[in-house]
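The primary structure of each chain is shown beneath.
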Amino acid sequence: MKHKIRRVPKLLPVYTANMAATGVLPFVRGVDFTKNDFKDGKFPHDVADMTGLRWLRLNKTGLHSIPPEIYKLKKLEHFNATRNKIENLGDELANLSALRTLNCRHNRLVDEGIPKDVFSLEDLQVVDLSHNNLKEVPPELEKAKNCIVLNIANNNIEMIPNQLFINLTDLIFVDLSDNHLETLPPQMRRLTNLQTLILNNNPLIHAQLRQLPALVALETLQMRNTQRTLANFPSGLDTLSNLQDIDLSGNDLPRVPETLYKLTAIKRLNLSGNKIQELSLVIDTWVNLETLNLSRNDLTALPGSLHKLSSLKKLYLNSNKLDFEGIPANIGKLHNLEIFSAAYNNLELIPEGLCRCGKLKKLILNGNRLVTLPDILHLLPDLETLDVRDNPDLVMPPKPAEMKKSFEYYNIDFSLNNQLRLAGAPTAPSTGQSPVHKSDPVARKLRLRRRRDGQESEKVLKGMRDVAKEKEHMPNLEEEVREPLKPKKWNEHLQKPQLDYSEIFDEDVGQIPGITCWEIENFLPNPVDEAMNGKFYEADCYIVLKTYIDDTNSINWQIWFWIGERATLDKKACSAIHAVNLRNLLGAEGRTIREEMNDESDDFLDLFENGVSYIEGGRTASGFFTVENIVYEPKLYRASGVKRIHLERTEPKLTHLDRRYVFMFDVGMNIFIWTGKLAKGVTRTKTRLIAEKINKNERKNKAEILMESQGAESSEFWKALGESPTPHIGECVPDDFEPAEPRMYKVGLGMGYLELPQVEIPHNVLTQKLLDSKNVFILDCKSDLFVWIGKKSTRLIRAAALKLSQELCAMIDRPSFCSVTRCLEGAEPQIFKTKFIGWDDVIAVDYTRTAESVIRRGADMKVIMERDKMKTDLSALFMPRQPTMTMEEAESIMQEWNEDLDSMEAFVLEGKKFVRLPSEELGIFHNEDCYVFLCRYWMPVELPEDAEEGEEEEELPEEDFKCVVYFWQGRMASNMGWLTFTFSLQKKFESLFGDKLEVVRTHQQQENLKFLSHYKRMFVIRNGKRKLPNAPEEKPSTEFFHLRANGSPIATRCVQIQPCASFLNPRFCYILMVPFDSQDLKGVVYVWIGGLAEHEDAVVAEKIAYKMYQDNYTIQMISEGEEPENFFWVGIGGKKPYDKDANYMKYARLFRCSNEKGYFSVSEKCADFCQDDLADDDVMILDNGEQVFLWVGRKTSDVEIKLAFKSAQVYIQHLRNKQPDRPRKLLLAMKYKEHRKFTKCFHGWGKYKEVME
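Bear in mind that the values here come from a model prediction, so they are computed numbers and not experimental data.

The rules behind these values
Positions within a chain are numbered from 1, following the residues in the order the chain's sequence is written. Only residues with pLDDT of at least 70 are given local features in this predicted model, and only at 80 or more are side-chain atom pairs given and counted; all residues enter the totals for whole chains, interfaces and linings. Working from all heavy atoms in the structure, the side-chain values ignore hydrogens and water. Counting from the N terminus, the helices are the DSSP runs of H or I reaching at least four residues and the strands are the DSSP runs of E reaching at least two. Each residue gets one of three labels from its accessible area relative to the maximum for its type: buried under 20%, exposed over 50%, partly exposed in between, using a 1.4 Å probe on protein chains only. Contacts: residue pairs with any heavy atoms within 4.5 Å of one another. Every accessible area reported is derived by Shrake-Rupley at a probe size of 1.4 Å, with residue values counting cover from the shown protein chains alone. The set of buried Ala, Val, Leu, Ile, Met, Phe, Trp, Tyr and Cys residues whose side-chain atoms join them within 4.5 Å is what this entry labels a nonpolar core. One bridge is not enough; two strands pair if DSSP finds at least two bridges between them. Axis geometry follows a simple rule: fit a line to the C-alpha atoms, using only the stretch in contact for helices, then measure angles between N-to-C directions, giving values from 0 to 180 degrees. In this analysis, rings of Phe, Tyr and Trp, with Trp reduced to its six-membered ring, are considered paired at centre separations within 6.5 Å, and the interplanar angle assigns stacked below 30 degrees, edge-to-face beyond 60, and tilted for intermediate values. Only Lys NZ and Arg CZ are tested; either one counts as a charge over a ring when it is within 6 Å of the ring centre and within 35 degrees of the ring normal. Looking down the strands as they point away from you, a crossover is right-handed if its path from the first strand over the helix to the second goes clockwise.

The number of helices and strands found in the protein is 24 helices and 55 strands. When the 1253 residues of the protein are sorted by exposure, 46% land in the buried category. In the protein, of all internal contacts separated by at least 6 residues, the share reaching a separation of at least 24 is 59%. Summing over all exposed atoms, the protein offers an accessible surface of approximately 65,400 Å²; the carbon and sulfur share of this is 50%.

Structure below.
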């Protein structure tokens, strides 16, 4: 047998002057131009060349009329032009003799704009003229005898002509909603094929709708807001055996019509917005019902037979009057229930059976009176949404997952028992439910209503705890799993890439008898179109698979790999390797056969009926890097955004630069990052990262990235831009500019035709999962066009896509610099990736690391992880609260410290020097001043052991002393006071006392107890600066002071606060000064004694009042409830509600969460904490006995926030065991937005002290 081998010269593409003249337009069968801008004559004239067009979509294109090019498409069958501004369809539309679908909804069509002859087209089947301005049904519509879909909803039609439904008897879908119809023609009974009838929002009050029983094929009936009552409700609906979907919402039905209970095939029923008060027990006939909507009715209870609706998936009961008793306990038998929505009812509890609906995905219970939920709620496997908002008394049950699952977070185990074990404290016993107080009425209600199946849940939870205990006794296995891996040597990283051949070859490969061929491109096989089998390029290599049925009636295979005589080494090797792996994938028994060009075996040549043809050259690219002079096209991109960078291509000209933006100018081996004066630094940084990736992945790290700033550009930048340097660059981008919405087309290829449908982009956000390896996509970004080629796409569809992209680039109005970029799957350019969210935009960076920490701990994260092993210290959370010091103990300590005090000299900063503080001002501080106190203490003398009792006094050693200088700085005072002290007084004191001097710097409300003891609880802090001796008199204003002790009576301070009655509390004493406009009497001073205040505090408050206001003031002692109306309430700003207790004083604790030690640790501030203890670069945890607040500073890292959040959860869980009668809720407190329940724990809360950056 003589085999035929032909040599064919290489086929070169031919380009005319117009690059887009590819000749593919006549073969296009369908195209989707949705969301393109075709206003003002921008419609592409090339559409007229698509003579084979069958379907066309022009939705949301801004058209005001039908383009004349449309009338030339004689083969057009489906025409969609929705959401435009079209008023007239044009008479020439009737010339489209093949038209089947006319969809022009959401336009401005009027009666005169509908061509009469268009309804005479024999093939017209779908007419959609909804959402227009029609006042009557088009008169010629009755001629469309083959019409099966009619939609004229949302117009101004008042009457349906009788003749319409005499001729249109084949209708399947009719939508007449949102018109002004009062009746329906009786001829509608002729629509025996009708399946869907929509009549919503029409005033059909007089229509009895007797035609409905004749519509025997009806499946969907919607009569929302059609004024249906029991009197005019259509009878005979029960005869419609196919009826599955009924919408009767928004009517005046007091109960469910009896005829509905007889519809056994119904699947969806909407009765919302009626006045239904109860449901009948016979709802068990709805065995096929899947969706039931009873929202906005007057239901108080559901029937006990509800559980028989075995197919029910969605149940909506919002805005009714349901309580716990109104929901049947057996609702748990609805095993297919996925959505249960009962918002805005009177529910205090929900039956535990509801949480036994294993497929439940959404549970909506907001706006009720819930106090708790069943414990087994957390065991629902598919629950995605739980909405319990607006239930103020709700206490969530503990998650069973806390007892069975490890709390690993950032490689840290945050389980309570583990943290207790690390802190050296006894572990907490496991509890299945949140502990409640014995006298809690809610707990009593829970116990009374507990079902028998609750015992089963206890057994389940007990089993989980037993399993957890068993896991605790296997530490060796856990440590073995968590043992960090040792770093590999450099040569161990050199390993073969793992290839999944199920992704390279199709799933059905080798399953159908015949010949299949692949070509080698970039190291991987690509399928060859069947028409090209046997046509081999001389510089390429191929794999050929023959699938056949052998003698045993089983599928068998033979595999060849063909080597071109001019093929490169990588193609030769890969064809052999992939042929062997194809054999392994199929499980073929024979070996792979090597075939070389011009030396093929007869068996190989017999595979091809038309023989083998050799084509000069090579079609595919080599996988090796090739050395070639690449000419880069200069491209200028405008970068915008902060969280996600958007790159908009613009023309590389000076006039397109804008000082508010960052620009990336890519000229090949140089990539310039130009930053305008008003551009954001984050945008500049992220744009540089993109440039780094371009350099690494596309330029082999040979390009240079140059940072340019406005006004300081380099000469290379201006040379590349082709412009002269200019100092002034303004704003050229409009303020209302928005980037063009991306459009993605999927290229379709059939037998002799092409299609270009659009891919729906959810929320206009591109994601990588929209791309499919078997297809080719065209991404249109207005100023950039990309052709993405999937690995498994065929050669013909690739070629067609490239030609279609050129046509698409030329026919639609776009900038002249727009170009088409070819993107291969797996080798996409970085600019293409930036169009997609989450594609290669995450860089692993530890933002908590500083230069100091790198020097101290090193830069290798693996070494740090191995050495530190993510050490944490949460022991402070498990320590008991520091007990409050008693008054007797405090007086004893104060007496002892004051006995040691020999003398105290006080100084205050006036201007730039320190002067002596007048004795009458001792103990009165101002928060904008700085004070210095020189305290001389006697030191005790120890007698020698051999000293005799009768030894004379003059022979004893002299008593020693020590000097302590306290520098006190008000919270609003600047640091200049401290600098003045260190260069003046401190040097004098050091020269006088030498090594016996100790300097202690203290800030307002952070004083130590020894310093406070010298004032014997009379420590006053006023706002502002102290009055200078010769300063003029200022007009006095109301002054309000709060006396309070924190943790110890020694730490008693009287702090000036804003005069407001809401700050009063019966637990404390207050001083209020109301000024008078009189020379004889300056004002009245009230010492307000709370009903729960201590007697000692009242005595101290009285002494402070007499000390501060000595002359020309009237001082009155008043008790809570005896306030005079005339001056007290007027002076304090009027009566306001205030707290009646201060229980938070018994529980208040403040913790600091920080990474400053090199690991995460929690430390507790002393009981005498203040507002300035809130560190701006840390996270604080505040417990007030009712809530636990997580306070977040402005400079806190994300890692600290997350770890502190987990720590707060562990703390609350620990308190649940220690203080079961005081459950806490975890709340967030952001700086400057703290709640009153947070700020009341701090004495004298005011404005933050701002530090100049």
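This next bit is on the nonpolar core. In this structure, Phe33, Phe79, Trp286 and Phe340 are the most contacted members of the largest nonpolar core, which totals 132 residues. Here the element with the most residues in this core is helix H12 (residues 795-811); it accounts for 7 residues. Ranked by size, the runner-up nonpolar core spans 32 residues in total, among them Ile1118, Met1145, Ala1148 and Phe1169.

All right, on to the sheet that holds strand E36 (residues 785-789) then. Ordered in space as E32-E35-E36-E37, the 4 strands form an open sheet in which the pairing is mixed. Of all strands in the sheet, those with a lone pairing partner are strand E32 (743-746) and strand E37 (820-824), marking the two edges. Within this sheet the neighbouring strands show an average axis-to-axis angle of 20°, counted without direction. Pairing of E36 with E37 involves 5 bridges; the strand directions are parallel.

The geometry of an aromatic ring pair comes down to the distance between the two centres and the angle between the two planes. Within the structure shown, the criterion is met by 56 aromatic pairs. Ring-pair connections join several aromatic residues into one group, and the members of that group are Phe925, Tyr931, Phe933, Tyr966, Trp968, Phe1011, Tyr1015 and Phe1019. Sitting over the ring of Tyr661, Arg638 keeps its end group 5.7 Å from the ring centre. Sitting over the ring of Tyr937, Lys1010 keeps its end group 4.2 Å from the ring centre.

Within E36, 5 of the 5 residues are buried, which leaves the element mostly enclosed by the surrounding structure. Side chains of E36 alternate between two faces, with Leu785, Val787 and Ile789 and Phe786 and Trp788 buried alike. Relative to E36, strand E35 (residues 776-780) runs antiparallel, the two sharing 5 bridges. Across the sheet, Phe777 pairs through a bridge with Trp788, a residue of E36. As for the winding sense of the linkage, the β-α-β connection from E36 through H12 to E37 is right-handed.

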